[in-house]
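# Understanding the architecture of this molecule
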Amino acid sequence: MSKYKKLIKDTFIFALGSIGSKAIVFFLVPLYTNVLTSEQYGTADLVLTFSQLLMPLVCLAVYNAIIRFGLANKDNPENTLLVGLIIWLSGCLVLFLCLPVVSLYKPIAPWKWYLYLHVSSSILFVIAQNYLKVKNQNLKYSIVSILQIVMLAGLNILLLVVYKVGIKGYLLSNVFASFGAAIIAVLIGGIISDVRKARFDKGLLIQMIKYSSPLILNNIAWWVIQSSDKIMIEAYVGTTALGLYTVATRIPSLINVIISVFQEAWNISSIVEMDSSNDSDFYSNVFQLYTVVVFFACIGINAIVKPFMKIYVGEDFYEAWKFVPLLVVSAAAFSAVAAFYGSMYGALKKSLSNMFSTLIAALVNIVMNYFLIHYIGVLGAVLGTLISYLVLEIVRMIDVGQYVKIRIDYKI
């Protein structure tokens, strides 16, 4: 029972940070939709969307390797941190030199420096957060997550409501919140002293890059599934439609809170379990309870979404409600199952399989978006997202099933 207790304990600890922080983000949407126009909101979200694309490229997705190798290397986990920071600094330099190339995309060009700062600060924040997990400082991880969002909320109110600086205020709030939270994590996590005693290990560097490199494509493929539709909407329909779609995607984030909270704990438990007994009953029991909770949450949200949007967003954004039900099914329900099996890839050290499964779904997403958005606009992006998540779920269930037998009770 100890492994179940640890999973439950870690889930509650991560819930402390995730639910609190995600709730604040969720309730910031009414602020955005009443202070920014749909075009401004769409443009700002486009910059953050490109930031998510660049993050794994800039740091070789090394933040994933920090958890996997840090947990495995219990005697000297600080060495994995040092490798991560070296790659981060190198990546920031490369991105700085490549900014003229980034500027070729005209909608992003005026905001290139905000993009650069957001990518740099976000990577540092994720590295620091993941290292807190490695040190089993999960409570501190949750505290830092809450503080990051509190800073974001405070800065949004200051820059958007008080000083009314629009898109600049929105982007600067995200940058300062990430940098500030990274510094707090460094200070309370004892990371400075760990860096001082760390030793550079060339062999570890090679192992971590070998592990994380396939995850670069995996992260990009995830970006394609989750965000490429925004680029196509902006290109084919316009930034106003993009603003509506962005608001619609915020509603499934309620389900994603449950998913992300569980995934934080499950990533650790699945690795520890795989390295010890590899108990298929444990995986099956957890999966069954997890899916029941997620699916019932999806049903509940879809039941109230239309009247809820009346009070949740500004009048110009109310039309977004019609896109929510299918997004909840795809971006929440199907992605929840896919994420569960994705964690199994990490425990199995099958990062290539993880990458290929996500690439398949990404290709499906691009093709569906290209044709559907042309003909039916924003709804085409919704359908493309749904189909790609369904494909991802099926591919991963079949593939992981070759290594771990997870029982699925279809009667539930």
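Calculation rules
Residues numbered from 1 in each chain as written. Predicted model: local features only at pLDDT ≥ 70, side-chain atom pairs only at ≥ 80, totals over all residues. Heavy atoms only, no water. Helix = DSSP H or I, 4+ residues; strand = E, 2+ residues; numbered from the N terminus. Buried < 20%, exposed > 50% of the residue type's maximum accessible area, 1.4 Å probe, protein only. Contact = heavy atoms within 4.5 Å. Areas by Shrake-Rupley, 256 points an atom, 1.4 Å probe, with all protein chains shown as cover. Core = buried A, V, L, I, M, F, W, Y, C linked by side-chain atoms within 4.5 Å. Salt bridge = Lys/Arg side-chain N within 4 Å of Asp/Glu carboxyl O. Phe/Tyr/Trp six-rings, centres within 6.5 Å; stacked < 30°, edge-to-face > 60°. Lys NZ or Arg CZ within 6 Å of the ring centre and 35° of its normal. pLDDT = per-residue confidence, 0-100.

Another point: the overall build of the protein chain. Per the secondary structure count, the protein chain includes 16 helices and zero strands. A total of 412 residues make up the protein chain; the buried ones form 56% of that total. A fraction of 84% describes how many contacts in the protein chain between residues 6 or more apart in sequence connect residues 24 or more apart. Split by element, the accessible area of the protein chain, about 17,800 Å² in all, is 68% carbon and sulfur.

Attention now goes to the nonpolar core. Grouped together as the largest cluster of nonpolar side chains are 127 residues, with contacts concentrated most on I127 and Y170. When residues no more than four places from it in sequence are discounted, the contact partners of Y170 are Y32, L36, Y41, A44, L48, N156, L160 and R250.

With that settled, consider the pattern of salt bridges. Under the criterion given, the structure shown has five salt bridges. With a closest N to O distance of 2.9 Å, K230 and D45 form a salt bridge. Of this pair, K230 sits in helix α10 (residues 202–236) while D45 sits in helix α2 (residues 38–59), and the two are 185 residues apart along the sequence. Pair check on accessibility: K230 and D45 agree, each one buried.

Considering all chains together, one arrives at 18 aromatic pairs under this definition. Three or more aromatic residues joined by ring pairs make a cluster, and in this case those are Y32, Y41, Y170 and F317. We note K310 situated over the ring of Y318; from NZ or CZ to the ring centre the distance is 4.7 Å.

What follows covers the confidence of the model for the protein chain. For the protein chain, the mean per-residue pLDDT works out to 86, and 89% of the residues sit at or above 70. Mean pLDDT across the elements of the protein chain ranges from a minimum in helix α12 (residues 253–275), with 67, to a maximum in helix α4 (residues 78–97), with 96.

With that out of the way, let us pick up helix α3 (residues 62–72). The α-helix winds at 3.6 residues per turn, so residues separated by three or four positions along the chain end up facing the same way. Among the eleven residues that make up α3, nine are buried, leaving the element largely enclosed by the rest of the structure. Taken residue by residue, α3 has V62, Y63, A65, I66, I67, R68, F69, G70 and L71 as its buried positions.

A few words on the side chain of S228. In this fold, S228 is placed in helix α10. In this structure, S228 is in contact with W223, N365 and N369, ignoring residues within four places of it in sequence.

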